[in-house]
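Tertiary structure, described
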Amino acid sequence: MSVAVVTDSTAYLPEELVEGYGIHVVPLYVVLAGHSGREGLDIGPGDVARALSVRGHSVSTSRPTPGDFVAAYRRALQGADRLVSIHLSSELSSTTDAARLAASQVGEHIVTVVDTRSAAMGAGFAVLAAARSAAAGADAAAVARTARETAEATRTLFVVDTLEHLRRGGRIGSAAAVLGSALAVKPVLHVQDGRVVPLEKVRTSARALNRLVQRAVEAAGQGPVSVAIHHLAAPERAERLAAEIRDRLPQLRELHVSELGAAVGAHVGPGAVGIVVAPFWREPDEVTYSDPSED
């Protein structure tokens, strides 16, 4: 039994990994200047960063439709028997709900939907581990389990220039946003139980970036890890963080530096940077295979 992996466009996996593992990506929609387009295809991070830099301009996002997922599932099933569909937190988007509706139409015994309760490479590392597991010959149950376990063990931390975009999009509580603005603090944020919440408050951007790295190092522990560094219109900050991570994590096995896409970028704003830490996936000694009699 072959297994294909499907995800949405907010996983922000490097294109070479998407192509190498045959991962199917369903784009979210971004509404910019009254025009709705597909993330990564019609509207990119630069479009969003420019729009948000102009006072009064707003950007909104919407989930893929169940029909988008049905079409993607049918394409994926041309080369696979089972699908594992892995998505950003249902606390942040209704994308997972759309995937479940589509799975009910295609067949829930064929499509397993996983809510990572994370976003960006917080979900992306779960997708990548699942794709590697599928490539190693694991069955759908094992692939889905790998995705869930990786997501649970992954830490997503980030810093934004302003909390206003998160507040406006309903991704952080208004009280936390007002407090940050009133006290002029630069909170280190993280994704906890599927939601964006403050982790630590510091007074300056420089201190926030320092604490971001320190928290990431603490999250990495002593084992082999994978790390992703995200940014929106802040490549120099991202490269500086990458250099520090390389220096401070001797057990680093892979590092990806990428700009956030339009859908997540719309909610964090220009200048945002983040670090995602995940356990490095290694093929288990034994791979679980499906029972042919179940097919």
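Our subject is the structure listed above.
Cut-offs used in this document
- Residues numbered from 1 in each chain as written.
- Predicted model: local features only at pLDDT ≥ 70, side-chain atom pairs only at ≥ 80, totals over all residues.
- Heavy atoms only, no water.
- Core = buried A, V, L, I, M, F, W, Y, C linked by side-chain atoms within 4.5 Å.
- Buried < 20%, exposed > 50% of the residue type's maximum accessible area, 1.4 Å probe, protein only.
- Helix = DSSP H or I, 4+ residues; strand = E, 2+ residues; numbered from the N terminus.
- Contact = heavy atoms within 4.5 Å.
- Expected span 1.5 Å × (residues − 1).
- Axes fitted to C-alpha atoms, helices over the stretch in contact; angles between N-to-C directions.
- Parallel < 35°, antiparallel > 145°, perpendicular 65-115°, else oblique.
- Left-handed = near helix turned anticlockwise from the far one by under 90°.
- Nonpolar A, V, L, I, M, F, W, Y, C, P; charged D, E, K, R; others polar.
- 1 Å grid on protein atoms, 1.4 Å probe; cavity = no way out; pocket = protein on both sides within 12 Å on 5 of 7 lines; lining within 4 Å.
- Points joined across faces, edges and corners; volume = space filled by probe spheres on them.
- Pairing = 2+ DSSP bridges.

**Thoughts on the nonpolar core**
Grouped together as the largest cluster of nonpolar side chains are 28 residues, with contacts concentrated most on V5, L13, I23, V84, I86, F125 and V143. For this core, the secondary structure elements donating two or more residues are β1 (3–8), α1 (15–20), β6 (82–87), α5 (121–135), α6 (140–153) and β13 (273–279). When residues no more than four places from it in sequence are discounted, the contact partners of F125 are T150, S226, V227, A228, E254, H256, V276 and A278. In this structure, V59, L166, A263 and A272 belong to the second largest nonpolar core, which totals 27 residues.

**What to know about helix α10 (residues 235–248)**
Across its 14 residues, α10 extends 20 Å between first and last C-alpha, which sits within 8% of the 20 Å expected from 1.5 Å per residue. As for α10, its buried residues are in contact with α9 (205–220), β11 (225–231), β12 (252–259) and β13.

**Things to note about the packing of α5 against α6**
Closest axis-to-axis distance for the α5/α6 pair is 8 Å, and the angle between their directions is 150°. With respect to each other, α5 and α6 are oriented roughly antiparallel. Regarding α5 and α6, the two cross each other, and that crossing is right-handed. Note on element contacts: α6 touches α5 through A142, V143, T146, A147, T150 and A151, opposite F125, A126, A129, A130, S133 and A134. Along the lines of polarity and charge, the residues of the contact of α5 with α6 split into nine nonpolar, three polar and no charged.

**Points about empty space enclosed by the protein**
This model, assessed by the stated rule, comprises one cavity of 30 Å³ or more. Taken as a whole, the largest cavity holds about 50 Å³ of empty space. As for the largest cavity, its lining consists of F125, L128, A129, R132, T150, S226, E254, A278, P279 and W281. Put simply, the parts of the chain that give the lining of the largest cavity at least two residues each are α5 and β13. When the residues that make up the lining of the largest cavity are grouped by side-chain class, the tally is six nonpolar, two polar and two charged.

**Considerations on the sheet that holds strand β2 (residues 24–26)**
Read across the open sheet, the four strands follow the order β2-β1-β6-β7; overall the sheet is parallel. Here the strands that pair on one side only, and so sit at the sheet edges, are β2 and β7 (111–115). Between one strand axis and the next, the sheet turns by 25° as a mean value, whatever way the strands run. Where β6 meets β7, five bridges bridge the pair, whose relative direction is parallel. Opposite V84, over in β7, you have T112 as the bridge partner. Lying over the sheet, helix α4 (residues 95–106) contacts β1, β6 and β7, oriented at roughly 170° with respect to β7.

**Let's talk about unusual backbone geometry**
For Y12, which is not glycine, the phi dihedral falls at a positive 55°. Residue class for Y12 comes out buried when judged on its relative accessible area of 11%. One non-glycine residue, A233, lies in positive phi territory at about 55°.

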